[in-house]
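Given next are the chains, with one letter for each unit.
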Amino acid sequence: FHDEEVQNNYFLWVPDDFYVVLGNSNKPRQNLVEKHIFADDVTVYKRPSGGETVILTPRTLVISIKVTLEKFSNPSAHFRYFNKKIMDALAALGVEDLHYRGISDVSIGDKKILGSSIYRRRKVLFYHAVLNVSEAIDTIARYIKHPTKEPDYREGRSHHEFVTSLHAEGYKLSMNQIRMTLKEVLKQIDQEELTTLSD
């Protein structure tokens, strides 16, 4: 956690353990494979933002961004803005075939590598995303059931058919490589440009 990151209103971090985080509308019985959660003593949290359940592990990178906005009337535009920044960073690292999918996902081809969510309170917008750097899809399938809601592009596919990681796609990037490149891109967040997205 560096002063530079605080000053620029973003925070990039790698979880120290396995955590499952339910979306605001999710329920443990509907969304979790509870027998595995209990057997492995996995910590479960619930966040105030929407979206589906995610898993945080030491092989994922969490990207958090906080901005102040007078108005917030176009969440789709803000998702696109922040996800495009992340896609730009990954493209600079050589990742190809990146796409913005569904409401707030980033994919390689038709497989998801990042999901994101937005929480707003008063004039503060908090964007957060999880990038799968190298976590095995078996881990996701062990703890999280097929979601009750899914983006159109998922088309009913299982976790193994739908989700991937950078390493699984052949991009053996280190956490530090990704983090340093993201820092350079996130420094370029333009408050004025963000404000115009809600006009």
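All residue numbers refer to position in the chain's written sequence, counted from 1. Owing to the predicted nature of the model, reporting of local features is limited to residues with pLDDT of at least 70; listing and counting of side-chain atom pairs is limited to 80 or more, with chain, interface and lining totals taken over all residues. Side-chain numbers come from the whole structure's heavy atoms, not from hydrogens or water.

*Asks:* Teacher, can you tell me more about the sheet that holds strand 8 (residues 111–121) here?
*Replies:* Pairing between two strands is assigned when DSSP locates at least 2 bridges connecting them. Secondary structure follows DSSP: runs of H or I at least 4 residues long count as helices, runs of E at least 2 residues long count as strands, and numbering of each begins at the N terminus. Pairing is antiparallel across the open sheet formed by six strands, whose spatial order is 1-5-9-8-7-6. Looking at which strands have only one partner, the edges of the open sheet turn out to be strand 1 (10–13) and strand 6 (98–101). Ignoring which end each strand starts from, the neighbouring axes of this sheet average 15° apart. Pairing geometry for strand 8 and strand 9 (residues 124–132), over eight bridges, is antiparallel. Counted as the bridge partner of Ile 118 is Tyr 127 from strand 9. All axes here are fitted lines through C-alpha atoms, helices being fitted over the stretch that makes contact, and every angle between N-to-C directions spans 0 to 180 degrees.

*Asks:* Help me understand the nonpolar core in this model?
*Replies:* Nonpolar side chains in soluble globular proteins generally cluster together in the buried interior. Definition used in this section: a nonpolar core is a set of buried Ala, Val, Leu, Ile, Met, Phe, Trp, Tyr and Cys residues joined via side-chain atoms within 4.5 Å. Throughout, exposure labels follow a simple rule: accessible area from a 1.4 Å probe, protein chains only, divided by the maximum for the residue type, with under 20% read as buried, over 50% as exposed, and the rest as partly exposed. Counting 37 residues, the largest nonpolar core has Ile 63, Tyr 127, Leu 131 and Leu 166 as the members making the most contacts within it. Examining the composition of this core, we find that seven residues originate from one element, helix 4 (residues 75–92), more than from any other. When residues no more than four places from it in sequence are discounted, the contact partners of Ile 63 are Phe 11, Leu 12, Ile 86, Leu 114, Tyr 127, His 128, Ala 129, Leu 131, Leu 182 and Leu 186. Of all hydrophobic cores here, the second largest spans 13 residues; its members include Ile 140, Ile 144, Tyr 153 and Val 163. Residue contacts follow a heavy-atom distance rule, with two residues in contact if any of their heavy atoms lie within 4.5 Å.

*Asks:* Which parts of the structure should I look at to understand the packing of helix 4 against helix 7 (residues 175–186)?
*Replies:* Any two packed helices are characterised by the angle at which their axes cross and by the distance between the axes. Where helix 4 contacts helix 7, the axes come no closer than 9 Å and their chain directions differ by 135°. As judged from the angle between their axes, helix 4 and helix 7 are oblique. Between helix 4 and helix 7 lies a crossing whose hand is right-handed. Only Thr 181, Leu 182, Val 185 and Leu 186 of helix 7 make contact with helix 4, whose side of the interface consists of Lys 85, Ile 86, Ala 89 and Ala 92. Three classes are used, and their members are as follows: Ala, Val, Leu, Ile, Met, Phe, Trp, Tyr, Cys and Pro are nonpolar, Asp, Glu, Lys and Arg are charged, and the others, Gly among them, are polar. Looking at the contact of helix 4 with helix 7 residue by residue, the class counts come to six nonpolar, one polar and one charged. Here roughly perpendicular refers to angles of 65 to 115 degrees, roughly parallel to angles under 35, roughly antiparallel to angles over 145, and oblique to all remaining angles. Note on convention: near helix rotated counterclockwise from far helix by under a right angle means a left-handed crossing. Clockwise means right-handed.

*Asks:* How should I be thinking about the sheet that holds strand 2 (residues 19–22) in this particular structure?
*Replies:* Strands sit in the order 3-2-4 across an open sheet of three strands; the sheet is mixed. Looking at the sheet topology across the chains shown, the edges are occupied by strand 3 (43–46) and strand 4 (54–56). Across this sheet, the average inter-strand angle for adjacent strands is 25°, counted without regard to direction. Sheet topology note: the strand 2/strand 3 ladder contains four bridges and is parallel. In the strand pairing of strand 3, Leu 22 is matched with Lys 46.

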